[in-house]
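Below are the chains, spelled out letter by letter.
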Amino acid sequence: MAKNILEVQNLVTRFKTEQGLMKALDGVSFHVEEGELVGLVGESGCGKSVMSQSIMRLYDEKTQARYEGKVLFNGRDLLTLDEKEMQRVRGQEITMVFQDALSALDPVFPVGSQIAEALRIHQGLKGKEAREQAEEMLRLVGIPSPGERMRSYPHELSGGMRQRVMIAIALCCHPKLLIADEPTTALDVTIQAQIMELIVRLNKQLNMGVLLITHDLAVIAETCTRVAVMYLGQIVEEADVKTLFRRPAHPYTRGLLRSIPRLDGDKRERLFVIGGTVPLLSQIPQGCRFAPRCPYACEDCGRREPELLPVPGGEKDHLARCHKAADGQGVS
Amino acid sequence: MEQPREIVLTAEHVKKYFPITGLLGRVENYVKAVDDVSLTLYKGETYGLVGETGCGKSTLGQTLTALIKPSAGSIRYKGQELTGLNGRQLRAVRKDIQMIFQDPYTSLNPRKRVGDALTEAMAIHGLGDRSSRVDAAVELMEKVGLPLEYFYRYPHELSGGQRQRVGIARALILDPELIVCDEPVSALDVSVQSQIINLLLDLQKERGLSYLFISHDMSVIRYTSDRTGVMYLGRLVEEAETERLFEKPMHPYTQVLLSAVPVPDPERKKERRLLEGDLPSPIDPPSGCVFHTRCPYAQARCAQEAPPLRALEPGHKAACHLCGRENA
């Protein structure tokens, strides 16, 4: 069995707001194995991006947020590191790719020098060496005529090309884990297909763990080996990708899967709708957080908060946060 | 199906070129956003317009609703020519042609309460008195699933899905015939997206509305539209009944587009055709067939001659020299 490169244990992230501390993540545990491609899926406000930012400790702990729990990276708890050590982890060992490559790149420098900068800072390469290596990185991410593109400014590149540059920068230091936060959301489908193929190729080629954060279940289905579904700051279901799509145990996962219009679905059938809306973080329901919108909820669901437990009789490592699933009654 | 269907809107050879001005305001070049597009929209149908960023689908939508003037071509709404109408005449037509926009955050006036946003449209067109306008607004709010207490709320107090419902109610309040939906669900989460799609389809059935449904999402288009047109670089490259288009796409671009759509089923690995390179600039589009620079089947002829959109089978048109031949 491969070892865990990242292990998040009971992570709680609280934001400081005018109404006091708001729990955006509430006891999240999951792991990424070496060279594994794990998906994290959920709708707006479920906390999936907070998760990625918390792993990297990007929120200012003095003014913005407070973390609890453990984020073990290669066995070392990132939450206990001081800022200097953390800075070494960021970009060296764990890197991130964001949704909006245009705002993540510096508009006044050519992309070549931005990649070279990362190489200088993290790998101590100098002048020519750094430039050559930067060109090599551009080639790795599949940018045509990398020598010329080195001199291009971000605004001269298309969205897909910019995202490739972002990935090139992220890969500079041969990280062991890449966190890709909605890397293709701003891109067209044909470009999305190119970028996802690139990420999958790099994942295999470099044996690099990838945590793919997205709202798009179809992207998850095509790329990941394991998936965690988030709802209101918690993981509500986790399974290998086939099990999740074939036998989802949590009513929320089921609802999500049934509500996407599909290329191969029956057109005459109405789209499934999950009733109600996602509650605000300040108004988290008692008991099971999904109960007010759940078609299977009973009285007990509104009182007792379910835990993330193995689904009885299910596949290995299939976890769900649902009383009904845990009772073995299942929901169907 | 057999009897001739009532035509709501026809566009013939519509072009929209945006001038690029250089020094001293001299026009140096044009962005050919929409280049020679013709299409027909029938009563009660949904025409899906699909394409990637920058293909001109939104510009076409705005041109067809007479929000922007076409550079050339003719647009007829129920036989009436829209190009060349003056402001007052246009206003009368706009009552019948409404729009729903992608971004419900920016398409609502942040300083207008929901109720005012809805009744304003009627007031502008001089319909009803104050109390009948409020009645109409309340009735529509119920119809689109907005709680009545939102009548006095401001847009920022609503969620994205609720705002899109306001957008839909506002489009409906003038009882239009045709609604141009420009990416109406693209900004919404999947669970909200399905609510809005169902609502739009229900309203269509109930009121016999015609939709021009613009989207980049092939799955949404397949679900909502009766007929679909595919745009690439300002041109319509293929048009067919939706089922047919998805089952048997003819144009190489449509084929690539369809193969790129991810399928939410991990056990169905499909063959994927990736496109080389990026979209060419609409300022200086490729000669001949606009797709030839990226087309895997391109031949010498494709670079020289622009293929017309022609019917290859009943109701199925494609703009490709090679379609209809064995090797395509």
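Residues numbered from 1 in each chain as written. Chains lettered and ligands numbered in written order. Predicted model: local features only at pLDDT ≥ 70, side-chain atom pairs only at ≥ 80, totals over all residues. Heavy atoms only, no water.

**Regarding the state of the cysteines**
Linking two cysteines covalently via their sulfur atoms produces the bond known as a disulfide. We apply this condition: Pairs of cysteine sulfur atoms within 2.5 Å are what we label disulfides. Note on exposure labels: buried denotes an accessible area under 20% of the residue type's maximum, exposed denotes more than 50%, and partly exposed covers the range between, all computed with a 1.4 Å probe on protein chains only.
Considering all chains together, one arrives at zero disulfides over all chains under this definition. Left without a disulfide partner, Cys301 of chain A is nearest to the cysteine sulfur of Cys298 of chain A, which lies 3.8 Å away. Exposure remark for Cys301 of chain A: the relative accessible area of 6% places this residue in the buried category. Looking at the unpaired Cys320 of chain B, the closest cysteine sulfur is the one in Cys323 of chain B, lying at 3.7 Å.

**Remarks on the sheet that holds strand E5 (residues 80-81) of chain B**
Residue and element names in this part refer to chain B. Note the cut-off: A pair of strands is considered paired only if DSSP assigns at least 2 bridges between the two. By the criteria applied, helices consist of DSSP H or I runs no shorter than four residues and strands consist of E runs no shorter than two, each listed in order from the N terminus.
Strand order in this open sheet of four strands is E2-E1-E4-E5, and the pairing throughout is antiparallel. At either margin of the open sheet sits one strand with a lone partner, and together these are strand E2 (27-42) and E5. Strand direction decides the pairing type here: strand E1 (residues 7-21) and E2, joined by 11 bridges, are antiparallel. Its bridge partner lying in E2, Ile7 is registered against Tyr42.

**Structural notes on the interface of chain A and chain B**
Let me state the cut-off plainly: By definition in these notes, contact holds between two residues if any of their heavy atoms fall within 4.5 Å. Put simply, buried area is the surface a 1.4 Å probe can reach on two separate parts but cannot reach once they are joined, added for both. Basic side-chain nitrogens of Lys or Arg form a salt bridge, by our definition, when they fall within 4 Å of a carboxyl oxygen of Asp or Glu. Think of a polar contact as two N or O atoms within 3.5 Å of one another; within protein, one of them needs to be a possible hydrogen donor and the other a possible acceptor, and neighboring residues in sequence only count if both atoms come from side chains. Residues are grouped as follows: Ala, Val, Leu, Ile, Met, Phe, Trp, Tyr, Cys and Pro are nonpolar; Asp, Glu, Lys and Arg are charged; all remaining types, including Gly, are polar.
Counting from both sides, the interface comprises 38 residues of chain A and, opposite them, 41 residues of chain B. Of the roughly 3,800 Å² buried between chain A and chain B, counting both surfaces, carbon and sulfur atoms make up 53%. Here chain A and chain B share two salt bridges between them. Residue Asp202 of chain B is joined to Arg270 of chain A by a salt bridge in which the shortest nitrogen-to-oxygen separation is 2.6 Å. For the pair chain A and chain B, the interface holds 12 residue pairs in polar contact (both at pLDDT 80 or more). Mapped by element, the contributors of at least two residues to the side of chain A that touches chain B are helix H8 (189-205), helix H9 (217-223), helix H10 (241-246) and helix H11 (251-259) of chain A. Ranked by the residues each element gives to the side of chain A that touches chain B, the list is headed by H8 of chain A, at seven residues. Residues belonging to the side of chain A that touches chain B are distributed by class as follows: 17 nonpolar, eight polar and 13 charged.

**Regarding unusual backbone geometry**
One non-glycine residue, Asn74 of chain A, lies in positive phi territory at about 55°. Mapping Asn74 of chain A onto the fold places it in the loop between strand E4 (65-73) and strand E5 (76-77). The exposure class of Asn74 of chain A is partly exposed, given its relative accessible area of 34%. The phi angle at Leu233 of chain B is positive, at roughly 50°, despite the residue not being glycine. Mapped onto the secondary structure, Leu233 of chain B falls in the loop between strand E9 (227-232) and strand E10 (235-241).

**Quick word on the nonpolar core**
Applied cut-off: Among the buried residues, those of types Ala, Val, Leu, Ile, Met, Phe, Trp, Tyr and Cys that are joined through side-chain atoms within 4.5 Å form a nonpolar core. Domain delimitation follows an automatic or database domain assignment.
With 67 residues, the main nonpolar core has Ile115, Val165, Ile167, Leu171, Phe245 and Tyr252 of chain A as its most contacted residues. The residues that make up this core include at least three from each of domain 1 (4-224) and domain 2 (246-332) of chain A. Sequence-distant contacts of Phe245 of chain A, defined by excluding residues within four places in its chain, comprise Leu217, Ile220, Ala221 and Leu257 of chain A together with Pro264 and Pro266 of chain B. Counting 62 residues, the second largest nonpolar core, distinct from the first, contains Val189 and Leu271 of chain A together with Ile179 and Leu275 of chain B.

Any functional reading would require information that these geometric values do not contain.
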